[in-house]
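The lines below spell out each chain.
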Amino acid sequence: MTSVLGIALLGWALMAGHTVAFVPNGGRVSTHVSITRTALLDKVKETCRAVAEAAGHEFNPTGSSPEELVQACLGPTAKGQVSGAKFHSALQEIYNQNGLVDRDFVNSDPHHFNSEAFLQGRGLITEGMVAIKANIRKDNFQAARETLGRVLHTLQDFYSHSNWVELGNTEPYINLIRPDRPLENLADVNTATCRDCASGTCPNSILPNILNEKKLTSGYMGIYSSTKPKSKCSHGGAADLTSTTVPRGGINKDERRSDNVAFHNAAVNAATAASLQLLEDIRLAAGDNDFLRMMGIARSSVVCFVIDTTGSMSDDIAQAREDVYQIIDSKKGTQDEPSEYILVPFNDPSFGPMIRTTDPDKMKKEISKLKAQGGGDTPELCLSGLQLALTGAPASSHIFVFTDATAKDIALMDTIVALIRSTKSTVLFLLTPASSRRRRSLGAGSFEDYKDLAVASGGLAIQVSKKELPQATDVILDTSTSALVTVLQRARNPGKQETFPFVLDESLQNITIYITGTSITFTLTNPAGVSQSNTEASGKLGTVQTVGNLRRIRLNADKQTGRWQININSNQPYTLKVTGQSTIMFIYNFVESFKGPHPGFAVLSGRPQAGQPATLMLSVMGRKGPSSMSVGNIGLLTVSGPEAVSNGTMTDMGSGDFLVTVDMVPEGEFVVFLKGTDKVSNSEFQRQSTTQMSVSKVNIQAAVDSSVEPGETFKLPFSVMTQGSGGQFEISARNDRNFSMSYSSSLTLTTGKYTNDTLTITPPVSTPSGTDVTLTVQAKLSSGVDSNYVVLRLSVVTKITDFVRPLCEVVSVQADDCPQDVSQCGPFRWELSANLTDGNGTGIERISLQQGNGSLSYTSLSAPVVQANYNASCCSQIVEFIAVDKVGNVGKCYHSIVRSDGPPALTLSLPLWLCLLVSAFVIRP
């Protein structure tokens, strides 16, 4: 399968000589990643085209890069730059979770349809689809993506690990995603299914009677044991111990070999088609807009405010309200228009709830409701509010915190740092210390804690008086924008005189430099040697705004490209940040390798391991895709303290993807840097990640394998190991819903050995279905020298028993006036009436038109029978509309008045459940 976006995971597996499912020995590469990628891109393009046509414009991407696809999907008329980073990141999340099934559930037959575990495997798919639909309904798109990746892996494995294609089937087994239909003709445990294959490479070792009777079977897999039921097929391969037990060999089609080319290709095609079927069902249940949001097709700007609402904050709240109004009004209709608005109030003793909306008018309404009241003692629950924002906002968001008080919940500090690193979100604090407020409580935090969090996230801590706050909030407008990149970021504590060079490329727009600190002087110099100092408010290079501890330098639009430098002099702590807008950017993840039957790489949830090279996956995006740039250098560097740079060894995987290994990881906190050349302008560029990371000798392993029902207790096994000094480690766990949890508060670790424990968490019975829980587990050496964490998402999903799809009965069609000659159709119209019902199900929630240019109306959805009426021009001869019930079951109603030679169109009345896909439910006269 040719790469459209390029996935480094594919190349890693081949480079390392690993056997990954659907990897051939040569020719075209077909893996879980490539199959998933093909299906996702096809479905996204199809959905974007439908949305574009409904909006009255064409969908014509100028190329295949994420940026060009997103630009075409979001609309060609909106002004401004478009970033493909969200789409890229969404795809990577799905691919990563798909691959993790081979690590976390390597010995689970249902996850791979091994050992004839068909009912259990279908159960995992059903459970996953229910969770995905419930998550989307609650706007929990990351949880939906993670589950989608795992479900697609299991679904795809069916076609490689069973004998479905050997039975002559070329289409997917629709019953795998239709729990209302039975799985038929399954071979039982006593039925012989395979003949012996001594060579292990027989073209087809399935017994003839199994093929003739169309019995469904799959290979038995033994990682730790060679035993299997008598005369049963094996999975096959070096890792399968049962493959040496008679009947020997295996029936998996993971690799394309000379003896199984046809079966391997058929399995790939069926797995791809099955993935498209599943995605279509999710798309119809969610609707086009929410399906695209799940896929990261959205403007990258998100407005997220965390606001202190205690009594002294009335001026700050008023300013935040004004900023939100200005963002909404000034960026409407542009690519900078926010895709989502998030508001989290906090006070003492309460915080939240988090308000999320895509409706700007609702955001205006909600922020207008905020009132300053309560409080008293200085510390407030700021970090609790920030925790809600970090877990609720999309990854890589900019979060703005307004407060005039220190944090009462300072115990959350480690959790906040873990969430910042996990989400790669940037936090900007707008601090207005109120001298009139009471002295802070013992054990509470200080404003330095906010500054530390700002540096850790790549944000800013701006400290001003309440009167100065309106002048300081321009930074919110600066960062509430699409395609925002960081060129340079440094922090010095203590301060010193230092010159910081940086490169500005031609693609950068709206370049802004931020310096925070006190007693600072600086001189900025461009490539031509022209300089401007801090004393020049408006100079040859730009404008300088000073308010509180912030210096904001906005460069003139006619900036020169090339090597700039800024010399800063201060003996006080300061930070420096250079940003701009550009579609030249990168996304990255630290990864680790894993072994097993299908080895690969997995994205790290916590910190990379100390004492060994750091490996990361990095994807570069350019103005016209990855071919429009060349990458020169990728590595790690320290932001704070003495600057240390560690260059990485790059392996170019193609399509903008790189596998990078850094042998000498810098000590302390570091970020990722990228340097290269933009071929469009032939100018050098540099970019830097914002989130600081460090290594650890501690490792935590944990995986979520299912959802949990409200009121039920979920058990999460986890393992902790250290390569450092053993001893007593403190275990702490927090979740963003404050659900009841239990776990051991400490574990005794022995160097190099994992210690196992189990955490339990119980969501209340009243928890709405689709709620996702972000769980952070941390292990910390009692002396506080070393620690690590893992961040997991758990979905709470109500058990579903309704899997029956709504039914459609066509009552009447009036199309007699439509002429047989379509060229004469203009003045004529036709009508259709249908009854829609959901039987004893949960009830119809939504009806929408999928095909047809006419008008669709219907009676009350709360009625047992919903009457739908469609009226259209005779020029629009096909109609299709769908009914979705309250748990996401989708039914369709399709009719065509297309005439054949002579006879009039045939009117058919069929139940909606007869089919899932348009291609399979086509009624022709």
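As shown above, the structure is provided for reference.
Structural notes, computed from the coordinates.

About the criteria used
- All residue numbers refer to position in the chain's written sequence, counted from 1.
- In keeping with the predicted nature of the model, local features appear solely for residues at pLDDT of at least 70, side-chain atom pairs appear and are counted solely at 80 or more, and the whole-chain, interface and lining totals rest on all residues.
- Only hydrogens and water are removed before side-chain values are computed, so all heavy atoms of the structure are retained for them.
- By the criteria applied, helices consist of DSSP H or I runs no shorter than four residues and strands consist of E runs no shorter than two, each listed in order from the N terminus.
- Within these notes, the globule rule equals 2.2 Å times the number of residues to the 0.38 power, and the radius of gyration is based on C-alpha atoms.
- Note on contacts: a residue pair is in contact if any heavy atoms of the two residues lie within 4.5 Å.
- Using a 1.4 Å probe, accessible areas were evaluated by the Shrake-Rupley method; residue-level cover was limited to the displayed protein chains.
- We score Asp and Glu as negative and Lys and Arg as positive, and we do not count His or the chain ends.
- By convention, the point assigned to a charge is CZ for Arg, NZ for Lys, CD for Glu and CG for Asp.
- Two rings from Phe, Tyr or Trp (for Trp, the six-membered ring) form a pair when their centres are within 6.5 Å of each other. A pair whose planes differ by under 30 degrees is stacked, one over 60 is edge-to-face, and the rest are tilted.
- The buried label applies to any residue whose accessible area, calculated with a 1.4 Å probe on protein chains only, is under 20% of its type's maximum; exposed applies above 50%, and partly exposed to all values in between.
- Here, a charge over a ring is recorded when the distance from Lys NZ or Arg CZ to the ring centre is within 6 Å and its angle to the ring normal is within 35 degrees.
- For patch building, the residue pool is restricted to those with more than 30% relative accessible area and no salt bridge; the joining distance is 9 Å between like charges and 5 Å between nonpolar side chains (Val, Leu, Ile, Met, Phe, Trp, Tyr).
- By definition here, a salt bridge exists when the distance from a side-chain nitrogen of Lys or Arg to a carboxyl oxygen of Asp or Glu is within 4 Å.
- For helices, the fitted axis covers only the stretch in contact; all axes are lines through C-alpha atoms, and the angles between them, taken along N-to-C directions, range from 0 to 180 degrees.
- Here the word oblique covers every angle except those under 35 degrees (roughly parallel), over 145 (roughly antiparallel) and from 65 to 115 (roughly perpendicular).
- Crossings are sorted by hand: turned counterclockwise from the far helix by less than a right angle, the near helix makes the crossing left-handed, and turned clockwise it makes it right-handed.
- Ten residue types, Ala, Val, Leu, Ile, Met, Phe, Trp, Tyr, Cys and Pro, are classed as nonpolar, four, Asp, Glu, Lys and Arg, as charged, and the remainder, Gly among them, as polar.
- Between the first and last residue of a helix there are one fewer steps than residues, each counted as 1.5 Å, and that sum is the expected span.
- The definition used for a disulfide is geometric: two cysteine sulfur atoms within 2.5 Å.
- Strands were regarded as paired on the criterion that DSSP finds at least two bridges between them.
- Take the buried Ala, Val, Leu, Ile, Met, Phe, Trp, Tyr and Cys residues and link them wherever side-chain atoms come within 4.5 Å; each set so joined is a nonpolar core.

## Re the overall build of the protein
Here's step 1: Each helix and strand in the protein was counted, giving 17 helices and 39 strands.
Here's step 2: For 925 residues, the compact-globule formula gives about 29 Å, and the C-alpha radius of gyration of the protein, at 29 Å, lands near that figure.
Here's step 3: Taken along the three principal axes of its C-alpha coordinates, the protein extends 85 × 75 × 55 Å.
Here's step 4: For the protein, the proportion of contacts with a sequence separation of at least 24, taken over those separated by at least 6, is 73%.
Here's step 5: In the structure as shown, the protein presents an accessible area of about 35,300 Å², 49% of it carried by carbon and sulfur atoms.
Here's step 6: In the protein, 80 positive and 87 negative side-chain charges are present, and the distance between their average locations comes to 2 Å.

## Observations concerning the packing of aromatic side chains
Here's step 1: This structure, assessed with the given rule, holds 16 aromatic pairs.
Here's step 2: Ring plane angle 20 degrees and centroid distance 6.4 Å describe the contact between F502 and W564, whose orientation is recorded as stacked. Placement of the pair is F502 in strand β8 (residues 498-504) and W564 in strand β14 (residues 562-569), with a sequence separation of 62 residues. You'll find F502 and W564 in the same group, each marked buried.
Here's step 3: We note K364 situated over the ring of Y325; from NZ or CZ to the ring centre the distance is 5.0 Å.
Here's step 4: Over the aromatic face of Y588 sits the side chain of K424, whose NZ or CZ is 4.9 Å from the ring centroid.

## A look at a negative patch on the surface
Here's step 1: A cluster of acidic side chains, namely E127, D705, E709 and E712, defines a negative patch on the protein surface.
Here's step 2: Looking at the element boundaries, E709 is found in the loop between β25 (698-702) and β26 (714-722).
Here's step 3: Exposure remark for E709: the relative accessible area of 33% places this residue in the partly exposed category.

## Considerations on the packing of helix α13 (residues 382-392) against helix α14 (residues 413-423)
Here's step 1: Packing of α13 against α14 brings their axes to within 10 Å, and their N-to-C directions diverge by 20 degrees. Viewed along their axes, α13 and α14 adopt a mutual orientation that is roughly parallel. Crossing geometry of α13 relative to α14 is assigned as left-handed. Taking contact as the criterion, the partners of L383, L386, Q387, L390 and T391 in α13 are, on α14, M413, T415, I416, L419, I420 and T423.
Here's step 2: When the residues that make up the contact of α13 with α14 are grouped by side-chain class, the tally is 7 nonpolar, 4 polar and no charged.

## Quick word on the environment of V797
Here's step 1: Examined against the element boundaries, V797 turns out to sit in the loop between β32 (787-796) and β33 (807-814).
Here's step 2: On a C-alpha basis, the gap between V797 and K133 in space is 9.8 Å, while along the polypeptide they are 664 residues apart.

## Some words on helix α7 (residues 141-161)
Here's step 1: Taking 1.5 Å of rise per residue, 21 residues should cover 30 Å, and α7 covers 30 Å from first to last C-alpha, within 8% of that figure.
Here's step 2: Summarising burial for α7: 20 of the 21 residues are buried, a large majority.

## Topic: the state of the cysteines
Here's step 1: Under the definition given, this model contains 6 disulfides.
Here's step 2: Each disulfide pairs two cysteine sulfurs, and for C825 the partner residue is C875, the sulfurs being separated by 1.8 Å. Handedness of the C825-C875 disulfide follows from its S-S torsion of about 100 degrees: it is right-handed. Placement of C825 in the loop between β33 and β34 (829-837) and of C875 in the loop between β37 (865-873) and β38 (878-885) is noted, with a sequence separation of 50 residues between them.
Here's step 3: A disulfide-free cysteine, C304 has its sulfur positioned 12 Å from the sulfur of C382, the nearest such atom.
Here's step 4: C304 gets classed as buried once you look at its relative accessible area, which sits at 0%.

## Description of the sheet that holds strand β39 (residues 890-896)
Working definition: the strands of a sheet are paired by backbone hydrogen bonds and lie parallel or antiparallel to each other.
Here's step 1: The strand order across the open sheet built from 3 strands is β35-β38-β39, with neighbouring strands paired in antiparallel fashion. Bordering the open sheet on either side are β35 (844-851) and β39, each of which pairs with just one other strand. Each adjacent strand pair in this sheet contributes to an overall mean axis angle of 20 degrees, direction not counted.
Here's step 2: Bridging between β38 and β39 involves 7 bridges; their strand directions are antiparallel.

## Quick word on the packing of helix α6 (residues 118-137) against α7
Here's step 1: It is at 9 Å that the axes of α6 and α7 come closest, and there the two elements cross at 155 degrees. Classified by the angle between their axes, α6 and α7 sit roughly antiparallel to one another. Relative to α7, α6 is oriented so that their crossing is left-handed. The segment α6 lies against α7, with F118, G121, L124, I125, G128, M129, A131, I132, N135 and I136 engaging F141, A143, A144, T147, L148, V151, T154, L155 and F158.
Here's step 2: Here the residues of the contact of α6 with α7 sort into 14 nonpolar, 5 polar and no charged.

## Points about the sheet that holds strand β16 (residues 585-594)
Here's step 1: Pairing is antiparallel in the open sheet, where 5 strands are placed in the order β17-β16-β18-β22-β21. Because the sheet does not close on itself, it has two edges, and the strands there are β17 (600-603) and β21 (649-654). The sheet shows a mean angle of 35 degrees between the axes of neighbouring strands, direction not considered.
Here's step 2: Pairing geometry for β16 and strand β18 (residues 614-621), over 7 bridges, is antiparallel. Each residue of the ladder has a partner; that of F586, found in β18, is V620.

## Thoughts on the pattern of salt bridges
Here's step 1: As enumerated under the stated definition, the model contains 41 salt bridges in all.
Here's step 2: In this structure, K496 and E498 form a salt bridge, with 3.9 Å as the shortest nitrogen-oxygen distance.
Here's step 3: For K496, a relative accessible area of 44% translates into the label partly exposed.
Here's step 4: One network of salt bridges, in which partners are shared, links K43, E46, E280, R283 and D288.

## Notes on the environment of C825
Here's step 1: Owing to a relative accessible area of 7%, C825 belongs among the buried residues under this scheme.
Here's step 2: In this structure, the C-alpha to C-alpha distance between C825 and S876, residues 51 residues apart in sequence, is 8.9 Å.
Here's step 3: In this structure, C825 is in contact with P819, S873, C874 and C875, ignoring residues within four places of it in sequence.

## Some words on the side chain of H111
Here's step 1: Mapped onto the fold, H111 is located in helix α5 (residues 109-112).
Here's step 2: Residue classification places H111 among the buried residues on the basis of a relative accessible area of 11%.
Here's step 3: Setting aside its immediate chain neighbours within four residues, H111 contacts V101, F105, L124, H153, T154 and D157.

## What about the nonpolar core?
Here's step 1: Core analysis: the biggest nonpolar cluster contains 56 residues, and L148, Y159, L278, M295 and I297 have the highest contact counts within it.
Here's step 2: Among the secondary structure elements, those contributing two or more residues to this core are α2 (32-54), α3 (66-74), α4 (85-104), α6, α7, α9 (261-286) and α10 (288-294).
Here's step 3: The element contributing the most residues to this core is α9, with 9 residues.
Here's step 4: Setting aside residues up to four positions removed in sequence, M295 forms contacts with L40, V44, F87, A90, L91 and I94.

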